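Tertiary structure, described
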Amino acid sequence: MTTLEYAKFYISHGFSVIPISPGSKRPAVDWKEYQARQATEAELNEWFGFDGAMNIGIVTGRISGLAVVDLDTKDAVNYAKDHGYNKLVPVVKTSKGYHLYYGYREGAKNFQKRDDMPGIDLRGEGGFVVAPPSIHESGFQYSWLEGYKLDDLPLVTLPDEFLVNSYAEKKPIAALYGEVQ
């Protein structure tokens, strides 16, 4: 499939897509408006229709009904396996690990570097992920795992463990104890 066909495929799954600058993870447009609306066909054609050089981003959160768990380390992959998070969900191979695609739910907010989930990031409301067939700056091409593609498996609801309801929940526990005098 071409980049444009992938973009239309993602739109057909209800996802909001944005163009990502070639060889990077930076949006090529002011993407905030695409947290509230999907791109038009004319925008898709403009972004992805000519040379196919643009990478594709999928806006996570309510607009796309999507939350993505990002596993960037071997420890993160092992943690996900040990907790059964990688079973029966669509999975993308990234340059450093995997993206696990889940159905969005309220409370799914972006986080990075939680002490209780080493090497795991979450992209929920207000976030985006780089999606196949994008090319990482290293030259690695993002790809869907065989048998774990969007058409192979439904999006299951994001597990409770990934929900963050307050700033205190996002702070590493060591930092919280350090603040107590």
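Residues numbered from 1 in each chain as written. Predicted model: local features only at pLDDT ≥ 70, side-chain atom pairs only at ≥ 80, totals over all residues. Heavy atoms only, no water.

1. Things to note about the layout of surface pockets
The space that makes up the largest pocket amounts to roughly 290 Å³. Taken together, 15 residues form the lining of the largest pocket, with K25, D70, D72, H99 and R123 sitting closest to its centre. Among the elements of the structure, β6 (120-123) and β7 (128-131) are those that each provide at least two residues to the lining of the largest pocket. No other element matches β7, which puts three residues into the lining of the largest pocket. (1 Å grid on protein atoms, 1.4 Å probe; cavity = no way out; pocket = protein on both sides within 12 Å on 5 of 7 lines; lining within 4 Å. Points joined across faces, edges and corners; volume = space filled by probe spheres on them. Helix = DSSP H or I, 4+ residues; strand = E, 2+ residues; numbered from the N terminus.)

2. Here's the deal with the side chain of T60
Mapping T60 onto the fold places it in the loop between β2 (55-59) and β3 (66-71). Here the side chain of T60 touches G124 through a polar contact of 2.6 Å, landing on its backbone oxygen. (Polar contact = N/O pair within 3.5 Å; in protein donor to acceptor, adjacent residues only side chain to side chain.)

3. Section: the packing of aromatic side chains
For the coordinates displayed, the defined rule picks out nine aromatic pairs. With 5.9 Å between their ring centres and 40° between their planes, Y6 and Y10 make a pair best called tilted. Here Y6 pairs with Y10, and both are found in helix α1 (residues 3-12), just four residues apart, close to one helical turn. Summarising the aromatic geometry, the rings of W47 and F48 are spaced 6.0 Å apart at their centres and angled 85° between planes, so their arrangement reads as edge-to-face. Assigned by exposure class, W47 and F48 land together as buried. (Phe/Tyr/Trp six-rings, centres within 6.5 Å; stacked < 30°, edge-to-face > 60°. Buried < 20%, exposed > 50% of the residue type's maximum accessible area, 1.4 Å probe, protein only.)

4. So, the pattern of salt bridges
Tallying each qualifying case throughout the model produces seven salt bridges. When the shortest N-O distance is used, the salt bridge between K8 and E41 registers 3.4 Å. Highlighted residues: K8 in helix α1 and E41 in helix α2 (residues 41-48), separated in sequence by 33 residues. Given a relative accessible area of 31%, K8 falls into the partly exposed group. Judged by its relative accessible area of 52%, E41 falls in the exposed class. We note a salt bridge from R105 to D160, for which the minimum N-O separation is 2.7 Å. Linking R105 in the loop between β5 (98-103) and β6 with D160 in the loop between β8 (143-144) and α4 (167-170), this pair joins segments that are 55 residues apart in sequence. Classification of D160 as exposed rests on a relative accessible area of 52%. Several salt bridges share partner residues, and in doing so they unite E33, R37 and E43 into one network. (Salt bridge = Lys/Arg side-chain N within 4 Å of Asp/Glu carboxyl O.)

5. Considering the sheet that holds strand β1 (residues 16-20)
Strand order in this open sheet of three strands is β1-β2-β7, and the pairing throughout is antiparallel. Either end of the sheet is taken by a strand with one partner, and the two such strands are β1 and β7. Strand-to-strand twist of the sheet, defined as the mean angle between neighbouring strand axes without regard to direction, takes the value 35°. Here four bridges tie β2 to β7, and the two strands are oriented antiparallel to one another. (Pairing = 2+ DSSP bridges. Axes fitted to C-alpha atoms, helices over the stretch in contact; angles between N-to-C directions.)

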